[in-house]
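# What the coordinates show
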Amino acid sequence: MSFAKSKLKAAREALGKKDYAAASDAASQVLDYEPDNYNATVFLALSLLELGQNERSEQAYIRATTLNPENPLAWQGISKYYERREEWEKYADSLLQLMELYKTLGDPVKCAETWQKLLELRRERGTRLQVIETMSLLLPQSPMHAVLSSLPLPDLTSPTSTTTLVTQTAIHHSLPHIEEIVQLVEVQEEETLRKEVDKRRTRLGAPSLEILKNEVGREIWGPSRLPSLYEEILNHPSTPDDLRRITDSKMLRYKQRYLKAIPDTVDFFQEKSNLLSQVDELVKGVVILKIPDELAWTTYLESTDCETVAGYNHEIVEQFIELFPTSPTSSLLKGYLLYMNIPLSGGEADSDSEAEESPALKAADEDPFDTILNAFAAIPNSDIANRVLAELYVTELDYENAIKAAQSGLELLNRLEKSTGRKLPSVRIGYKGILATSLVHLFPPKHHPRALRLIDDVLAQSPNNVGCLMGRAFVLEAAKKWDEAAAFFERVDELLPDDVSDGLRAREENAWCRCQINDMDNGVAILQSIVTILQDLDERGEDVSRCKRDEGYNFFISSLKANPSYAPAFTSLGIYYAEVASPPDANRASKCFQKAFELDPREAEAARRLAEGFAEDREWDLVEVVARRTIEGEGGLEGGIGGGSASATSRYLPTNAWAWKAVGVVELAFQIALRAEPEDAPSWVRLGEAYSKAGRHVAAVKALERAQELDSNDWVCPYLIGNVKHQMGNYQDAIHAFESILVNRPSDVGVLVSLGQAYLDQGRSESSEGFQARAEQSFSMCISVGLKTIEASAGFRSVVWKTIGDAIFALSTRPTYTEEATVRDALKGVVALLPAENHHLSGIVPPAALPEDDTPLSGLKVLEIALAAYGYRTSLSESTTTSGSIWFDLGIALHSWVIKSSAAPSAQARIIAFLTQGLREDPGNSLYWMGLGDAYFLSNAKSAQHAYIKAIEFDSKNVTAWSSLGLLYLHHDDTELANEALYRAQTLDPDYAVAWIGQALVATRNGHNIEAAAMFEHAIGLAPNVPEGDLEFASRSFHKYRSLSQNGSMMDMLLPAFFALGRYCGRRPDDATGLHLYALVCEGLGHLETAEIQLMRTITILEAAYEISEDPVVERQFTIANSNLARIRLGLRDFEGAAQSFESALGLLPDDEKAETKILRAQALFGSGLASFLQGDLEGALANFEAALESSGDDKMLRGQVTVLLAQTMWATQNDEFKESSKALLLEWVFRADSAMYADRPAHIHSIAADPENLTAINALAGMGVLTDDESLVDAALSELLALPIEQRHELDPGRNVDHLLTQYHLGQQDTQKAVSVAQGALFAEPSRSEARASLATLMLQQEKLDSALALLAGSKGSSISDLPTLLSLRAIARSRNDTQAAMREAQRAVMLVPSDAGSWQALALVRSRAA
């Protein structure tokens, strides 16, 4: 113990002398002797800190704090350490820990000094939130407050007398301290709200801004400390009144914001109710104390549940106006009181008093109505403002605006109830009453159904609501239910017996209802009594007029004297002159009707009689004027309610059907007219025709079918139906419709022309969809119908010949015809009508003629007939107006003929002349400009560009023009402009295939082959299809297939090419390239019979082409086709046919040493040898094999391939001698490659060492070794390859055949462990490769290690669709022992994915057998 004390003393003295090394040594010696010595640990930490050994110093301080946590010495040291190291967060934590220690020790001075350090740190380097947390340590609820409050009061006269003045001031004069905290918290919460809302707004599927603010606000305001801080200020004894008012206002706004943020749901009901009570208490206190806080007063008024504005506390309203004289709400309430003649002062002033009324309550000079409108513009979202305005509009009889105000008020009320959780049923009744009353009186009876729903709702809650009782009575009155209406009017009269407004009006209407039910005596007596009352009232002239007009002619005159603007009196007087007067006075009646209609367009009876009079005088313009004004008088389309508020039923409910029929020039007018007369067939026809012109084809068909039901003998209906079906693209339905008319009207030229056009368009549609035989039939029928039309009438010959020419031109695109007899029959009639020669085509195109019956009809011959038809049309136009389409058709047809026939260049000038003439006739036709551009495409790039740009100028959205322009740029190697033009075309029509093909070609030109392939794949799926796109896509797919490994998954990529080529060859059956490629794709898919048929067709076409041109390129294609045909026949085991084809190919090959020729010759010789070998001609086979080897020459690769193929062929004989010869052949070839280098090595090793990258030879030799159990041959074959780096080995062996061979070899040797090791190595090298996983899992299953197999297969979730069936089958087998249902599902899924996979069926059978 004395040793430790002496060393501690030495350490303390050394620290005092700043000899930190000695202090460190002394402290270390103590710790060696006494490891838990607290002082020694602290001394060591301090000395290490001064020596710069920071990490050791920190560790020592931390250890000291754990040795004696209640001693502040170590914490002081570590605090100093962190301060010096500028580790501010750790420094702050150490200060907090020191405060806790000083609080425990009861040392307020040290605690205060530490807090001041912490506050200074947070202000300089901390965040706002950290400053708030630090300052909050001095609040009464803080655990530090008890110890710090023991500090003496601050002596502000001697601030340097203490080190804790800041803390003393904050503790004993805390109000400024609390205010600062409040200010910081307010800023912090607002900033957090803004940042969080901005962040969440960018998320996908983010809600609206208001909802988002409420969500974030709820997260912030719920746990906020502001309410408690506000309470601290309010309860503080030093708080002045102005600060108290400001804090009260802040508290109210905070709680109101939080109240609106809480959802109005059952889960939050209690929380929202409690908060609403707190808000109400705050608002009530403000109102009682008359504190000028407008928000509180407005909230108080809006929370008052009363049906009308008059239900507000009058005294509160006056106090509001007096407290806030400049507020828009005050102006609005003041204007309302003045408008309703409600006194502005509620107290009774003494008659002798000279006290003046408050300036805020004085009446303004401005009109109260204008005052209310101006105030409402400033506060349109105020509930009070909407209530005042709605009542004002109802009083002014402005029902349309009253409806808008009431609807707006209901929306605001819904939001208010949802945000506050307070229900205001009386306010809702008030709004609904205003809305119902307005709907009753706005263009009655158009909105009565909607009004009745509202009235029923209101009366169910408020049975004595006068407005709704009157509204219900008026609705019944309009429906002529006089008894029921009278009952409601009597009820109102009983409720308001002394009222001279609603009560008197109810009594009057009651009298009118009694008159209508023949209770004349009582009705007239009541009306006379009402007149007596009204005469004593001012400004009631209209009411007097309404009462007097029901008593006959004299009273009509008295009525008009009382109010000359009362329109119903003029109508009644007009009826009197027209029907009652003797004799009738039509002139006076007309004048009365006209006056009534001028005063009020809702006087429907006057309008109808006035329109009938004008119609009799045949003044149709005046009839239309009256009808249109009548429609406006009943509310027009919207019924007086804009913005789609009215229901569809009320919007189109015709009050005056005659007016709608009179102006029925659009489909809506006919529709409304038919509501009144649903059996009017002509109106249905006109409605269908109007729908058709508007593009509403489905509605047009329905309307026309309805008309046909009403009048089945009207042939116009099926004709219009046919036209509409034609426009819809339902050509077959259109044809049926036209043919049904021709049964009774066989020579109707209009129907025949429409029928021919329908056949033409149907043929074009069928051709674009690939139905060529159907298209031929449709075009032939179009020609036949055209000929029949010419026989029926000569008046439409130019139009008919246009249709005939288009049909023949469409037929000419086919090289051959499926229904040739039908086409011939149709063309015979055309040729018979055509002249022998046309001067526009003479010298260029031969005369139109059909070939002999034994000669096939070609597309070129048909095109010549189309040209003759177009040329004949030019002669027909000489006696009529020349049309640009004549020359355009002729130019385009001639251009097509030149391309197909390779005609002389002189025809090009004639094409340009024809197209130019067409443009002279119609220079604004973009189609003609595109035709000219196509004609110039190859010969004159500038002219072609000009033509395409002109076409775009006339039609900027012409996708064909943009595509042609892009292809022109691409043809001339300007890829940038081509890309821009084609991109514009894609933008205009994303489904236009030519634009996608053009973009794919641009991508290819730029080296973006992957993107190009994707574009071609997309293009072939678009309609209408472009055959050239199919061919290019198939060609690229086939070359990609050839470049990849030939396994099953790669074969799947040929399927799209197979279907694309099938479609292409159907449309281009004479294209040798397409047929040849189609055959190769079929071969890749294993469809050898189809491949043989396509190649035989290819050879026939190439042979015919060579006989005409003797082109060496055609000859080479013919040779390759024969070679491929021979190979396919070998696959079909047609050895004799294969030998003949190989001989044909050999006979056509030239005697040169070109690489392609050598390959073809080697292939042909080897194939001939194989055919001979399979036919049993061993000698001939060997001769051919040797010739194939010799023809390979010095080409190592070619010679090696031939050698390997020969070795494999010899092995296939299963003859031991031939097997040895095949191995010797391979080894001899490889040995000769470099005999000197490996002369001292065994023959097995020579073969690989000479050419270690010849994978085919390696696999062949390894396979031979496996089959003959020759382990040395297997090791020699694979050792060199296995020694290569894994990347290089995989590059040489993409199919992983080496791993498969090794695995099978070890299995054959009964060495399962080695086989598993090989499979595991393959999987470890490529964990993502499904084939390796499946191979190892198969081995596990064979060893009955089901759990291991399932574990392996569990990692294959992301496998490709091609590998999935195999993995599913293995998983099913692994599960079949324990979970047969799951295994059954897996096996069934595998079968469903690839039904042709035998392995999946075998797995399913195994699972079922185990389940049984």
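One can find the structure itself at the top, above this paragraph.
Cut-offs used in this document
Residues numbered from 1 in each chain as written. Predicted model: local features only at pLDDT ≥ 70, side-chain atom pairs only at ≥ 80, totals over all residues. Heavy atoms only, no water. Phe/Tyr/Trp six-rings, centres within 6.5 Å; stacked < 30°, edge-to-face > 60°. Helix = DSSP H or I, 4+ residues; strand = E, 2+ residues; numbered from the N terminus. Buried < 20%, exposed > 50% of the residue type's maximum accessible area, 1.4 Å probe, protein only. Lys NZ or Arg CZ within 6 Å of the ring centre and 35° of its normal. Salt bridge = Lys/Arg side-chain N within 4 Å of Asp/Glu carboxyl O. Core = buried A, V, L, I, M, F, W, Y, C linked by side-chain atoms within 4.5 Å. Contact = heavy atoms within 4.5 Å. Expected span 1.5 Å × (residues − 1). Polar contact = N/O pair within 3.5 Å; in protein donor to acceptor, adjacent residues only side chain to side chain. Axes fitted to C-alpha atoms, helices over the stretch in contact; angles between N-to-C directions. Parallel < 35°, antiparallel > 145°, perpendicular 65-115°, else oblique. Nonpolar A, V, L, I, M, F, W, Y, C, P; charged D, E, K, R; others polar.

Turning our eyes to something else, we now look at the packing of aromatic side chains. Taken as a whole and judged by the stated rule, the model has 14 aromatic pairs. With a centroid separation of 5.0 Å and 85° between ring planes, the pair formed by Trp 801 and Tyr 872 is classed as edge-to-face. Of this pair, Trp 801 sits in helix α43 (residues 797-812) while Tyr 872 sits in helix α45 (residues 859-876); the two residues are 71 residues apart in sequence, bridging distant segments of the chain. An identical accessibility class is assigned to Trp 801 and Tyr 872; each is buried. Considering the side-chain rings of Phe 1058 and Tyr 1078, the 5.6 Å spacing of their centres and the 45° angle between planes classify their relative orientation as tilted. Of the two residues, Phe 1058 is situated in helix α56 (residues 1054-1067) and Tyr 1078 in helix α57 (residues 1072-1085); the sequence distance between them amounts to 20 residues. Grouped by ring-pair contacts, the aromatic residues Trp 297, Phe 320 and Phe 324 constitute a single cluster. When the ring centre of Phe 771 is taken as origin, the NZ or CZ atom of Arg 774, which lies over that ring, is 4.3 Å away.

Across all of its chains, the model carries 48 salt bridges by this definition. As a salt-bridge pair, Glu 87 and Lys 90 come within 3.6 Å of each other at their nearest N and O atoms. Between Arg 253 and Asp 293 there is a salt bridge whose closest N-O contact spans 3.0 Å. With a gap of 40 residues between them, Arg 253 in helix α14 (residues 241-261) and Asp 293 in the loop between α15 (269-288) and α16 (294-302) connect regions that are remote in the sequence. Residues joined by salt bridges that share partners form a network here, namely Asp 761, Arg 764, Lys 802, Asp 806, Arg 873 and Asp 889.

Right, let's get into the nonpolar core. Judged by nonpolar contacts, the single largest core of 136 residues is most densely connected at Leu 148, Leu 332 and Phe 489. Those residues in contact with Leu 148 that lie beyond four places of it in its chain are Pro 108, Cys 111, Ala 112, Leu 138, Thr 167 and Ile 171. Residues Ile 912, Leu 915, Ile 952 and Tyr 969 belong to the second largest nonpolar core, which totals 45 residues.

Turning our eyes to something else, we now look at helix α5 (residues 72-85). Taking 1.5 Å of rise per residue, the 14 residues of α5 would be expected to cover 20 Å, and the 20 Å separating its terminal C-alpha atoms lies within 8% of that figure. All of the buried residues in α5 are Pro 72, Ala 74, Trp 75, Gly 77, Ile 78, Ser 79, Tyr 81 and Tyr 82. Two to three positions downstream of the cap, the backbone nitrogen of Leu 73 sits 3.0 Å from a side-chain oxygen, assigning the N-cap of α5 to Asn 71. Two residues or fewer past α5, Glu 86 is found with a positive phi of approximately 60°.

What follows concerns the environment of Ala 993. Considering the arrangement of structural elements, one finds Ala 993 in helix α52 (residues 993-1005). Excluding its chain neighbours within four sequence positions, the residues that come into contact with Ala 993 are Ala 1019, Leu 1022, Pro 1024 and Val 1026.

Moving on, we come to the packing of α15 against α16. Helices that pack against each other are described as a pair by the angle of their axes relative to one another and the distance between those axes. Between α15 and α16, whose axes approach to 9 Å, the crossing angle comes to 110°. One element, α15, and the other, α16, form an angle in the roughly perpendicular class. Across from Val 283, Val 286 and Val 287 in α15, the residues of α16 making contact are Ala 296, Trp 297, Thr 299 and Tyr 300. Classifying every residue of the contact of α15 with α16 gives 6 nonpolar, 1 polar and no charged.

A separate point is the environment of Cys 782. Position of Cys 782 among the secondary structure elements: in helix α42 (residues 772-792). Cys 782 sits in the buried class, given a relative accessible area of 1%. In this structure the C-alpha to C-alpha distance between Cys 782 and Ala 826, which are 44 residues apart in sequence, comes to 9.0 Å. Apart from residues lying up to four places away in sequence, Cys 782 is in contact with Gly 756, Tyr 759, Leu 760, Thr 803 and Ala 807.

It is worth stressing that arrangement in space is one thing and function is another; only the former is reported here.
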